[in-house]
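Overview (structure and organization)
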Amino acid sequence: QLGLAAVERLLERHGSGPYCFGEAPSLADCCLVPQVANALRMKCDVSAFPRVMAVYRHCEGQPAFQKAAPSAQPDYA
C-alpha cells in the first residue's frame, strides 16, 4: 500500500482529467491499472486512495483497457 499511497499523493499534486495526467491515457495509466487490479485481487483495502481508484475505474471503462485485460486474452485460464 505504500506504492499506492505515493501514487495518490502524486495524483493529488499533479494529476488532472480522468487519466493520471490529463485527458489521454499514458504509460502511467498502463502501469497503474494492473497494480490496482492485483491489489483488489489480493483484497487490499484501497479506500484511502480515491484518486487512484477514480483513474482505475475510468480506465476499466475504456475499450482499449478492456481488450488488454488478462481475462480478454486467448490464453487466460
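Residues numbered from 1 in each chain as written. Predicted model: local features only at pLDDT ≥ 70, side-chain atom pairs only at ≥ 80, totals over all residues. Heavy atoms only, no water.

Some thoughts on the overall build of the protein
Assigned secondary structure in the protein consists of four helices and zero strands. Beginning at the N terminus, the succession of helices and strands in the protein can be written as α-α-α-α. Scaling as 2.2 N^0.38, a compact globule of 77 residues should have a C-alpha radius of gyration of about 11 Å, and the protein matches this with 12 Å. Referenced to the eigenvectors of the C-alpha coordinate spread, the extents of the protein come out at roughly 40 × 30 × 15 Å. (Helix = DSSP H or I, 4+ residues; strand = E, 2+ residues; numbered from the N terminus. Rg over C-alpha atoms; globule rule 2.2 N^0.38 Å.)

Points about helix α1 (residues 2-14)
End to end, α1 covers 18 Å across 13 residues, agreeing with the expected 18 Å (1.5 Å per residue, within 8%). Here α1 has its buried residues at L4, E8 and L11. Buried residues of α1, seen end-on, are gathered within an arc of 70 degrees and therefore sit on one face of the element. Away from the buried face of α1 by more than 90 degrees, exposed residues L2, R13 and H14 are located. Tucked inside the fold, the buried residues of α1 contact α2 (27-41) and α3 (50-60). (Expected span 1.5 Å × (residues − 1). Buried < 20%, exposed > 50% of the residue type's maximum accessible area, 1.4 Å probe, protein only. Arc of directions from axis to C-beta. Contact = heavy atoms within 4.5 Å.)

Details of the environment of S71
By secondary structure assignment, the location of S71 is in the segment after α4 (63-68). Residue classification places S71 among the exposed residues on the basis of a relative accessible area of 52%. With 51 residues separating them in the primary sequence, S71 and C20 have C-alpha atoms 23 Å apart.

Here we look at the packing of α1 against α3
At a closest axis distance of 8 Å, the pairing of α1 and α3 adopts a crossing angle of 85 degrees. With respect to their mutual orientation, α1 and α3 come out roughly perpendicular. Note on element contacts: α3 touches α1 through P50, R51, V52 and V55, opposite L4, V7, E8 and L11. Partitioned by chemical class, the residues of the contact of α1 with α3 number six nonpolar, no polar and two charged. (Axes fitted to C-alpha atoms, helices over the stretch in contact; angles between N-to-C directions. Parallel < 35°, antiparallel > 145°, perpendicular 65-115°, else oblique. Nonpolar A, V, L, I, M, F, W, Y, C, P; charged D, E, K, R; others polar.)

Overview of the packing of α2 against α3
Their axes nearest at 10 Å, the elements α2 and α3 cross at an angle of 105 degrees. As judged from the angle between their axes, α2 and α3 are roughly perpendicular. Mapping the contact onto sequence places D29, L32, V33, V36, A37 and L40 in α2 and V52, M53, V55, Y56 and C59 in α3.

Observations regarding the side chain of D29
Mapped onto the elements, D29 comes out in helix α2. Here C20 takes part through its backbone nitrogen, which lies 2.8 Å from a polar atom of the side chain of D29. For D29, the residues in contact, after removing those within four places along its chain, are Y19, C20, A24, V55, C59 and F65. (Polar contact = N/O pair within 3.5 Å; in protein donor to acceptor, adjacent residues only side chain to side chain.)

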